[in-house]
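Chain residues, written in single-letter form:
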Amino acid sequence: MLEQLANHPDASDPEPFAGPDHPIRKITRLMAFGGKWRPTNATNMAELFDGMAAEWSERHVDPTKRAPVVDGLDRGGTPLGGDWLELGAGTGAGARVLNGRVGSLICSDLSMGMLSYAPGELAPRVQADATTLPFADNTFDAVLMINMILFPSEVDRILRPGGSILWVNTLGDQTPIHLPAADVLEALPGEWQGRTARAGTGFWLAARRVEV
């Protein structure tokens with residue numbers, strides 16, 4: 001079940017950027033729905049983001065891009081007090097928002113270059129491929145993914161029963177790594193309940209696994 005909330009008053013349309021034919025968009029959809037992540041995918045993606053890390057740290061921590069994360073935390077209904085993992089943490093935009101609001105936080109990213117710019121004093125940083133995370137089953141209460149490729153089975157594995165996700169695309173359907181909220185729920189194993197809304201130039205989905 002997906003509940004559509006009213007958009008935040010500051011919501012606005014993103015500028016055209018990455019349409020459905022964008023190559024990363026195609027990879028994102030393929031991985032969410034059963035595609036195989038190959039070593040060359042990981043190598044290419046790590047090199048891409050390593051090369052953008054310095055510029056990214058200057059351009060991608062701003063109020064517009066924070067807006068859907070903050071709104072999702074405020075209105076998504078996700079319990080904040082547990083153990084959180086941010087996948088695709090990049091240079092720390094999510095960590096800056098979650099700092100002081102959640103019980104604990106670990107930040108993980110494939111790109112060591114990106115993580116080198118993240119504020120290590122806010123959370124431990126773990127360089128890892130999100131298809132084979134170095135965490136035991138049922139380790140986290142919630143996972144934050146901002147413009148992150150969804151690997152459903154691994155997210156399912158590390159989440160505790162009744163766990164939650166917060167999925168954010170900061171440029172809405174113009175985000176290169178984009179999946180609509182309904183597709184995220186469809187891709188995740190098991191039964192989920194979610195709510196979604198737009199804020200800033202993006203949207204968020206807060207979803208919780210239904211225990212059976």
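Residues numbered from 1 in each chain as written. Predicted model: local features only at pLDDT ≥ 70, side-chain atom pairs only at ≥ 80, totals over all residues. Heavy atoms only, no water.

### What to know about the overall build of the protein chain
So, point 1. Of the regular secondary structure elements, the protein chain holds 7 helices and 8 strands.
So, point 2. Here the protein chain has a C-alpha radius of gyration of 16 Å; the compact-globule value for 212 residues is 17 Å, and the two agree.
So, point 3. Burial status across the protein chain gives 50% buried among its 212 residues.
So, point 4. Sequence separation of at least 24 residues holds for 62% of the intrachain contacts in the protein chain that already meet a minimum separation of 6.
So, point 5. Averaged over its 18 positive side-chain charges, the protein chain has a centre that lies 1 Å from the centre of its 26 negative ones. (Helix = DSSP H or I, 4+ residues; strand = E, 2+ residues; numbered from the N terminus. Rg over C-alpha atoms; globule rule 2.2 N^0.38 Å. Buried < 20%, exposed > 50% of the residue type's maximum accessible area, 1.4 Å probe, protein only. Contact = heavy atoms within 4.5 Å. Lys, Arg positive; Asp, Glu negative; His and termini not counted. Charge placed at Lys NZ, Arg CZ, Asp CG, Glu CD.)

### Observations concerning unusual backbone geometry
So, point 1. Notably, N138 is not glycine yet its phi reads approximately 60°, a positive angle.
So, point 2. Along the polypeptide, N138 turns up in the loop between β4 (125-127) and β5 (140-146).
So, point 3. Of note in this structure, N147 is not a glycine but carries a positive phi near 50°.
So, point 4. Positionally, N147 belongs in the loop between β5 and α6 (152-158).
So, point 5. Judged by its relative accessible area of 22%, N147 is partly exposed.

### Let's talk about the pattern of salt bridges
So, point 1. Tallying each qualifying case throughout the model produces 10 salt bridges.
So, point 2. Among the ionic pairs, E3 bridges to R195, the shortest N-O distance being 3.5 Å. Taken as a pair, E3 in strand β1 (residues 2-4) and R195 in strand β7 (residues 192-199) lie far apart in primary sequence, 192 residues in all.
So, point 3. Between D141 and R160 there is a salt bridge, with its nearest N and O atoms 2.8 Å apart. (Salt bridge = Lys/Arg side-chain N within 4 Å of Asp/Glu carboxyl O.)

### A word on the sheet that holds β7
So, point 1. Sheet architecture is open: 8 strands sit in the order β1-β7-β8-β6-β5-β2-β3-β4, paired in mixed fashion. Among the strands making up the open sheet, the edge pair consists of β1 and β4. Taken over all neighbouring pairs, the strand axes of this sheet differ in orientation by 20° on average, direction set aside.
So, point 2. Pairing between strand β3 (residues 104-109) and β4: 3 bridges, direction parallel. Bridge pairing in β4 places S108 opposite V126.
So, point 3. The sheet contacts of helix α3 (residues 63-75) involve β2 (83-87), β5, β6 (159-169), β7 and β8 (202-209), and relative to β7 the element is tilted by about 135°. (Pairing = 2+ DSSP bridges. Axes fitted to C-alpha atoms, helices over the stretch in contact; angles between N-to-C directions.)

### Topic: the nonpolar core
So, point 1. Counting residues in hydrophobic clusters, the biggest one holds 40 residues, and the most contacted among them are L87, M145, L150, I165 and W167.
So, point 2. Those elements that place two or more of their residues in this core are α1 (23-32), α2 (39-59), β2, β5, α6, β6, α7 (181-187) and β8.
So, point 3. Beyond its immediate sequence surroundings of up to four residues, W167 is in contact with M145, M148, L150, L179, V184, F203, W204 and L205.
So, point 4. L73, A95, L144 and W204 belong to the second largest nonpolar core, which has 20 residues in total. (Core = buried A, V, L, I, M, F, W, Y, C linked by side-chain atoms within 4.5 Å.)

### Thoughts on the pairing of β2
So, point 1. Summarising burial for β2: 4 of the 5 residues are buried, a large majority.
So, point 2. Where β2 meets β3, 5 bridges bridge the pair, whose relative direction is parallel. Bridged to L87 within β3 is S108.
So, point 3. The handedness of the β2 to β3 crossover, carried by helix α4 (residues 93-98), is right-handed.
So, point 4. Both β2 and β5 contribute to a ladder of 4 bridges, which runs parallel. (Right-handed = clockwise from strand over helix to strand, strands pointing away.)

### Topic: α3
So, point 1. Between its terminal C-alpha atoms α3 stretches 17 Å, which fits the 18 Å expected from 13 residues at 1.5 Å a residue.
So, point 2. Within α3 the residues assigned to the buried category are A67, P68, V69, D71, G72 and L73.
So, point 3. For α3, the secondary structure elements touched by its buried residues are β2, α4, β5, β6, β7 and β8.
So, point 4. At the exit of α3 stands G77, carrying a positive phi of roughly 80°. (Expected span 1.5 Å × (residues − 1).)

### So, the environment of R209
So, point 1. By secondary structure assignment, the location of R209 is in strand β8.
So, point 2. For R209 and L188, which are 21 residues apart along the polypeptide, the C-alpha to C-alpha distance reads 9.2 Å.
So, point 3. In this structure the side chain of R209 is engaged in a polar contact, spanning 2.9 Å, whose partner is the backbone oxygen of R160. (Polar contact = N/O pair within 3.5 Å; in protein donor to acceptor, adjacent residues only side chain to side chain.)

### Notes on α1
Residues spaced three or four apart along an α-helix point in a common direction, a consequence of the helix completing one turn every 3.6 residues.
So, point 1. Turning to α1, its buried residues number three or more, namely I24, R25, T28, M31 and A32. Looking straight down α1, one finds that the buried residues subtend no more than 135° of arc, so they occupy a single side.
So, point 2. Of the residues one or two after α1, G34 is the one with positive phi, at around 95°. (Arc of directions from axis to C-beta.)

This is a description of form; function is not addressed.
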